[in-house]
Amino acid sequence: MLKLKNLFKAFSNNEAGAVTVDWVVLTAAVVGLSAVVGSTVLTAINSKGNAISSSIAATN
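Below is a short write-up of the structure. (Residues numbered from 1 in each chain as written. Predicted model: local features only at pLDDT ≥ 70, side-chain atom pairs only at ≥ 80, totals over all residues. Heavy atoms only, no water.)

1. What to know about the overall build of the protein chain
Move 1: From N to C terminus, the protein chain includes two helices and zero strands.
Move 2: Its C-alpha radius of gyration of 26 Å places the protein chain more than 25% over the 10 Å reference for a compact globule of 60 residues.
Move 3: On the principal axes, the C-alpha backbone points of the protein chain span a range of 85 × 15 × 10 Å.
Move 4: For the protein chain, buried positions account for 0% of its 60 residues.
Move 5: Total accessible area on the protein chain stands at roughly 5,500 Å², and carbon and sulfur atoms take up 71% of it. (Helix = DSSP H or I, 4+ residues; strand = E, 2+ residues; numbered from the N terminus. Rg over C-alpha atoms; globule rule 2.2 N^0.38 Å. Buried < 20%, exposed > 50% of the residue type's maximum accessible area, 1.4 Å probe, protein only. Areas by Shrake-Rupley, 256 points an atom, 1.4 Å probe, with all protein chains shown as cover.)

The following block contains the structure:
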């Protein structure tokens with residue numbers, strides 16, 4: 001029982017995996033934010049592209 005308690009104590013004091021978890025969460029946040037920004041920019045570009053296309057078609 002004492003060996004199991006020491007093993008659990010050593011496991012709980014080990015913080016080596018915490019940095020990895022932080023990087024995974026940070027990377028997921030950056031990817032998610034990039035997707036939102038990309039979607040917004042793509043919508044705006046398509047809207048302006050359609051306006052330019054309509055303007056060109058009207059002058060011909």
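2. Overview of helix 1 (residues 2–13)
Move 1: Taking 1.5 Å per residue, 12 residues should reach 16 Å; helix 1 reaches 17 Å between its end C-alpha atoms and fits that length.
Move 2: Counting buried positions over the 12 residues of helix 1 gives zero, only a small fraction of the element. (Expected span 1.5 Å × (residues − 1).)

3. Observations regarding a nonpolar patch on the surface
Move 1: On the surface, a cluster of nonpolar side chains totalling about 410 Å² of accessible area is made up of Val19, Trp23, Leu26 and Val30.
Move 2: Within the element layout of this structure, Trp23 appears in helix 2 (residues 16–59).
Move 3: A relative accessible area of 55% places Trp23 in the exposed class. (Patch = residues over 30% accessible without salt bridge, like charges linked within 9 Å, V, L, I, M, F, W, Y side chains within 5 Å. Salt bridge = Lys/Arg side-chain N within 4 Å of Asp/Glu carboxyl O.)

4. Regarding the environment of Ile45
Move 1: Mapping Ile45 onto the fold places it in helix 2.
Move 2: Taking the C-alpha atoms as reference points, Ile45 and Ala16, 29 residues apart in sequence, are found 44 Å from one another.

5. Some thoughts on the environment of Val30
Move 1: Position of Val30 among the secondary structure elements: in helix 2.
Move 2: Looking at Val30, the relative accessible area reads 47%, which means it is partly exposed.
Move 3: Through-space distance from the C-alpha of Val30 to that of Leu2 is 44 Å; in sequence the pair is 28 residues apart.

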